[in-house]
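# Observations on chain architecture
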Amino acid sequence: MTLPHSPRLCRWLCGCVIAASLALSAHGQADAQTYRGVNLAGGAYSSSRLPGRYGYDYLYPKPAEVDYFTAQGMNTFRLSVLWERLQPSLNGPLDEKELERVRQFIAYAQGKGATTVLDIHDYGRYRGQEIGSAAVPDPAFADLWSRLARALGNNPHVLFGLMNEPQQHSAEAWKNTVQAAIDAIRKAGSHNTILVPGIGWDSAQGFPKLNGDALAQLHDPDNRLVYEVHEYFDPDASGTKPACISQDQALGRLRPFTDWLHAHKAHGFLGEFGVSRQPECVALLRPILSHLRENADVWDGWTYWAAGPLWGNYMFTLEPDHGQDRPQMTAIKPFLSPTKQ
């Protein structure tokens with residue numbers, strides 16, 4: 001549609017069309033799980049070595065990794081990056097080489113029909129200093145996302161994962177930090193879906209009590225916020241042990257957040273979850289993923305933790321073992337289609 005004599009109206013109409021199409025892409029149908037994928041090891045490796053040497057201290061996923069998982073039916077990759085590598089100085093320009101690596105991954109995944117979650121994997125810190133402190137004020141975090149929004153925005157195959165597992169001490173203060181980033185992203189003209197994490201390791205079971213009241217106050221003019229949580233199913237929920245809890249206990253860790261989403265007419269995303277190769281733990285994947293699918297009106301999707309050659313023989317990995325699927329992948333496969341099982 002061409003409106004040569006009304007550029008202001010044209011910009012407004014184009015923005016509405018983009019926002020509407022992205023909204024359909026993000027939330028899908030009530031019986032469909034929009035995002036089904038995996039975390040891939042990438043730009044957040046060797047976080048103690050800054051900026052680090054690309055190809056030695058860290059690297060980005062190779063095309064073969066994307067090929068394997070998309071062939072299995074996955075359509076989403078959560079890509080971990082470090083703020084310090086993307087933006088070496090607060091409020092400074094983005095590093096063009098690092099940004100280009102991210103762009104190349106996004107483009108390749110998109111060519112395979114997949115979406116990328118850009119995950120700033122810094123635990124609410126920049127060079128060890130807490131966001132919201134005098135050293136790293138909220139406007140600096142907003143500046144990062146303003147620049148990323150201008151560089152990557154309005155591509156429906158990119159979701160903005162604001163921060164991995166922020167370790168702030170106050171949900172109310174974190175809410176203010178997140179709102180500053182949301183405002184900066186929208187001011188930059190981006191309509192992308194924004195994934196909002198909570199403090200307290202982003203725990204699904206703890207979200208309603210710890211984060212629910214504060215983060216429910218967030219405002220997005222595009223109404224495209226999705227609340228990201230993480231959950232592990234070993235006895236202490238740390239994701240560090242091969243043992244696992246019972247099915248009832250596992251679902252009990254997810255239900256509080258599911259109930260919160262329904263109560264607030266909100267949308268959620270399980271950004272990390274994983275189990276070891278022990279048969280009783282692998283068996284948990286079916287009820288967990290069934291719960292997400294049965295509540296797909298509020299759960300937009302999930303990315304399993306984790307995969308990529310850098311993980312080696314890690315107990316949770318989905319990386320194939322000499323060409324053979326891991327037990328966890330075998331359990332996940334029935335859920336790699338958008339229809340109900």
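Our subject is the structure that appears above.
Attention here is on the structure that accompanies the text. Note that the structure is predicted; figures quoted are calculated from it, not measured.

### Some words on the state of the cysteines
The tally for this structure, following the rule as stated, stands at one disulfide. Covalent S-S linkage joins cysteine 244 and cysteine 281, the inter-sulfur distance amounting to 2.2 Å. Residues cysteine 244 and cysteine 281 are joined by a disulfide whose S-S torsion is about -95°; by sign, that bridge is left-handed. Separated by 37 residues along the polypeptide, cysteine 244 in the loop between β8 (225-230) and α8 (247-264) and cysteine 281 in helix α9 (residues 279-282) bring together distant segments of the chain.

### A look at the pairing of β8
Of all six residues making up β8, six are buried, and the element is well covered by its neighbours. Residues Leu225, Tyr227 and Val229 line one face of β8 and the alternating positions Val226, Glu228 and His230 line the opposite face, and both faces are buried. Pairing of strand β7 (residues 194-196) with β8 involves three bridges; the strand directions are parallel. What sits directly across from isoleucine 194, in β8, is leucine 225. As for the winding sense of the linkage, the β-α-β connection from β7 through helix α7 (residues 207-215) to β8 is right-handed. As paired elements, β8 and strand β9 (residues 268-272) share four bridges and run parallel to each other. Of the residues in β9, the one forming a bridge with valine 229 is leucine 270. Crossover connection from β8 via α8 to parallel β9: handedness right-handed.

### Observations concerning the sheet that holds strand β3 (residues 115-120)
A barrel is described by the order of its strands in space; here eight strands give the closed sequence β1-β2-β3-β6-β7-β8-β9-β10, paired in parallel fashion. Here the average twist between neighbouring strands, direction ignored, is 25°. Here β3 runs beside strand β6 (residues 158-161); their pairing, made up of four bridges, is parallel. What sits directly across from threonine 116, in β6, is valine 158. Along the sheet face, helix α10 (residues 285-294) touches β1 (35-40), β9 and β10 (299-307) and points at about 150° away from the line of β10.

### Things to note about empty space enclosed by the protein
Considering all chains together, one arrives at two cavities of 30 Å³ or more under this definition. Quantified by volume, the second largest cavity comes out at close to 30 Å³. The class makeup of the residues in the lining of the second largest cavity is seven nonpolar, two polar and two charged.

### Remarks on the packing of helix α2 (residues 63-72) against helix α4 (residues 96-111)
Contact geometry for α2 and α4: axes closest at 10 Å, N-to-C directions at 30°. Compared by their axis directions, α2 and α4 come out roughly parallel. Seen from above, α2 lies across α4 with right-handed handedness. The segment α2 lies against α4, with Pro63, Val66 and Asp67 engaging Phe105, Tyr108 and Ala109. By residue class, the composition of the contact of α2 with α4 is five nonpolar, no polar and one charged.

### Quick word on the packing of helix α6 (residues 171-187) against α7
Describing two packed helices takes the angle between their axes plus the distance from one axis to the other. Where α6 meets α7, the closest approach of the two axes is 9 Å, and the angle between their N-to-C directions is 45°. When the interaxial angle is binned, α6 and α7 end up oblique. Two packed elements cross with a definite hand, and for α6 against α7 that hand is right-handed. Touching Ala171, Glu172, Trp174 and Lys175 of α6 are Leu210, Asn211, Ala214 and Leu215, all from α7. Classifying every residue of the contact of α6 with α7 gives five nonpolar, one polar and two charged.

### A word on α8
Residue pairs three or four apart in sequence face the same way in an α-helix, which turns once every 3.6 residues. In a regular helix each residue adds 1.5 Å, so 18 residues correspond to 26 Å; α8 covers 26 Å between its end C-alpha atoms and thus fits that length. Along its length, α8 reaches its greatest deviation from straightness, about 30°, at leucine 254, and the proline proline 256 lies no more than four positions downstream. Residues of α8 that are buried in the fold lie against α7, β8, β9, α10 and β10. Count one or two residues on from α8 and you reach lysine 265, which has phi positive near 50°.

### Quick look at the nonpolar core
If you look at the biggest cluster of nonpolar residues, it comprises 87 residues, and the most contacted ones within it are Phe69, Trp145, Leu148 and Trp302. Ignoring any residue separated from it by four or fewer positions in sequence, one finds leucine 148 in contact with Leu86, Leu94, Leu99, Leu118, Ile120, Gly153 and Phe160.

### Let's talk about the environment of cysteine 244
With 38 residues separating them along the chain, cysteine 244 and valine 282 place their C-alpha atoms 9.3 Å apart. Here cysteine 244 is in contact with Phe233, Asp234, Pro235, Glu280, Cys281 and Leu284, once residues within four sequence places are set aside.

### Remarks on the packing of aromatic side chains
One pass over the full model with this rule turns up 24 aromatic pairs. Ring centres 6.3 Å apart and planes at 75° place the aromatic pair tyrosine 58 and tyrosine 60 in the edge-to-face group. Each member of the pair tyrosine 58 and tyrosine 60 is classed as buried. Members of the aromatic cluster, each reached through a chain of ring pairs, are Tyr45, Tyr232, Trp305, Trp311, Tyr314 and Phe316. The cationic tip of arginine 85 hangs over the ring face of tyrosine 58; the distance from NZ or CZ to the ring centre is 3.9 Å. Cation over ring: arginine 101 sits above tyrosine 54, and NZ or CZ is 3.9 Å from the ring centre.

Criteria and cut-off values
Residues numbered from 1 in each chain as written. Predicted model: local features only at pLDDT ≥ 70, side-chain atom pairs only at ≥ 80, totals over all residues. Heavy atoms only, no water. Disulfide = S-S within 2.5 Å. Helix = DSSP H or I, 4+ residues; strand = E, 2+ residues; numbered from the N terminus. Buried < 20%, exposed > 50% of the residue type's maximum accessible area, 1.4 Å probe, protein only. Pairing = 2+ DSSP bridges. Right-handed = clockwise from strand over helix to strand, strands pointing away. Axes fitted to C-alpha atoms, helices over the stretch in contact; angles between N-to-C directions. Contact = heavy atoms within 4.5 Å. 1 Å grid on protein atoms, 1.4 Å probe; cavity = no way out; pocket = protein on both sides within 12 Å on 5 of 7 lines; lining within 4 Å. Points joined across faces, edges and corners; volume = space filled by probe spheres on them. Nonpolar A, V, L, I, M, F, W, Y, C, P; charged D, E, K, R; others polar. Parallel < 35°, antiparallel > 145°, perpendicular 65-115°, else oblique. Left-handed = near helix turned anticlockwise from the far one by under 90°. Expected span 1.5 Å × (residues − 1). Bend = angle between axes of the 7 residues up to and from the residue. Core = buried A, V, L, I, M, F, W, Y, C linked by side-chain atoms within 4.5 Å. Phe/Tyr/Trp six-rings, centres within 6.5 Å; stacked < 30°, edge-to-face > 60°. Lys NZ or Arg CZ within 6 Å of the ring centre and 35° of its normal.

These figures come from the coordinates and say nothing about function on their own.
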